[in-house]
Amino acid sequence: MFSLIVAHDEGLGIGNKGIIPWNLKEDLKHFRNMTIHKRIVMGRVTFEGFKKPLPERHTIVICSPGKEKEDSEMVSYVTDFKKFLEENKDTDEEIMICGGGLVYKAALPYCKKMYISLVEGKHEADAFFPEYDVNDYDVLSVTPYEGFKVIEYQKKA
């Protein structure tokens, strides 16, 4: 099953010039707790922003043909994201979609759950999460933090 995890502001902003436009330590802890020991999926630019693979996770990097590197124990590369989504949509394992904007947009129809950190306000952004209709989801939980809240959504059947 695909789930996605994202922090976006009230204008759906997720990044600016390759960095997150806010500094919320509790959200970083939440991201770690939700992705640890799982396969995580992200675009090449997002992955390169981390500088190195995240520990205790296997990262699947979505990239254009010719941009992939050799697979390792912690990282594998996929050049046909649609095929990957189709081949893994019915797995029992929770595979976490972690961005960026184009990866979220392609994966959103496949995601059964969304873990959204809704950051207060609107920040300067040049990368955005795709628009979504909250009426397509049930709210499983809302957890408030200083400066943001985490909303867990489950797609309606």
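Whatever comes next refers back to the structure up there.
Given the structure is predicted, the values throughout are model-derived calculations rather than measurements.

(A) Main features of the overall build of the chain. In terms of regular secondary structure, the chain is built from four helices and ten strands. In the chain, the order of α-helices and β-strands from amino to carboxyl end is β-β-α-β-α-β-β-α-β-α-β-β-β-β. For the C-alpha atoms alone, the extent of the chain along its principal axes is close to 40 × 35 × 25 Å. Looking at the chain residue by residue over its 157 residues, the buried ones come to 44%. If you sum the accessible surface of the chain, you get close to 9,000 Å²; carbon and sulfur atoms cover 51% of it. The average position of the 22 basic charges and that of the 26 acidic charges among the side chains of the chain differ by 2 Å.

(B) Quick look at the packing of aromatic side chains. Per the stated rule, a full pass over the model turns up seven aromatic pairs. Centre to centre, the rings of Tyr132 and Tyr153 are 6.3 Å apart; their planes meet at 70°, and the pair counts as edge-to-face. Linking Tyr132 in the loop between strand E8 (127-128) and strand E9 (137-145) with Tyr153 in strand E10 (residues 148-155), this pair joins segments that are 21 residues apart in sequence. When its relative accessible area of 22% is taken as the criterion, Tyr132 is described as partly exposed.

(C) Molecular detail of the nonpolar core. Within the largest apolar cluster, 26 residues are counted, with the highest numbers of intra-cluster contacts made by Phe2, Leu4, Val41, Phe81, Ile97, Met114 and Phe129. Secondary-structure elements contributing two or more residues to this core are strand E1 (2-9), strand E4 (58-62), helix H3 (81-88), strand E6 (95-97), helix H4 (101-107), strand E7 (111-119) and E10. Contact partners of Val41, with chain neighbours within four places excluded, come to Ile60, Ile62, Phe81, Phe84, Ile95, Met96, Ile97, Cys98 and Gly99. Grouped together as the second largest cluster of nonpolar side chains are 14 residues, Ile40, Leu54, Val61 and Met96 included.

(D) Main features of the layout of surface pockets. In this model, the largest pocket occupies a volume close to 1,100 Å³. Lining the largest pocket are 41 residues; nearest its centre among them are Ile14, Ile20, Thr46, Cys98 and Gly100. Elements that contribute at least two residues to the lining of the largest pocket include exactly E1, strand E2 (13-15), helix H1 (25-35), helix H2 (44-49) and H4. Looking at which element gives the most residues to the lining of the largest pocket, the answer is H1, with five residues. A class-by-class count of the residues in the lining of the largest pocket yields 21 nonpolar, 13 polar and seven charged.

(E) Spotlight on unusual backbone geometry. The step from Gly99 to Gly100 runs through a cis peptide bond, and the omega angle for that step is 0°. Within the fold, Gly100 resides in the loop between E6 and H4. The phi dihedral of His37 falls on the positive side, at around 65°, and the residue is not glycine. Its place among the elements puts His37 in the loop between H1 and strand E3 (39-43). By relative accessible area, His37 is classed as exposed at 60%.

Criteria and cut-off values
Residues numbered from 1 in each chain as written. Predicted model: local features only at pLDDT ≥ 70, side-chain atom pairs only at ≥ 80, totals over all residues. Heavy atoms only, no water. Helix = DSSP H or I, 4+ residues; strand = E, 2+ residues; numbered from the N terminus. Buried < 20%, exposed > 50% of the residue type's maximum accessible area, 1.4 Å probe, protein only. Areas by Shrake-Rupley, 256 points an atom, 1.4 Å probe, with all protein chains shown as cover. Lys, Arg positive; Asp, Glu negative; His and termini not counted. Charge placed at Lys NZ, Arg CZ, Asp CG, Glu CD. Phe/Tyr/Trp six-rings, centres within 6.5 Å; stacked < 30°, edge-to-face > 60°. Core = buried A, V, L, I, M, F, W, Y, C linked by side-chain atoms within 4.5 Å. Contact = heavy atoms within 4.5 Å. 1 Å grid on protein atoms, 1.4 Å probe; cavity = no way out; pocket = protein on both sides within 12 Å on 5 of 7 lines; lining within 4 Å. Points joined across faces, edges and corners; volume = space filled by probe spheres on them. Nonpolar A, V, L, I, M, F, W, Y, C, P; charged D, E, K, R; others polar.

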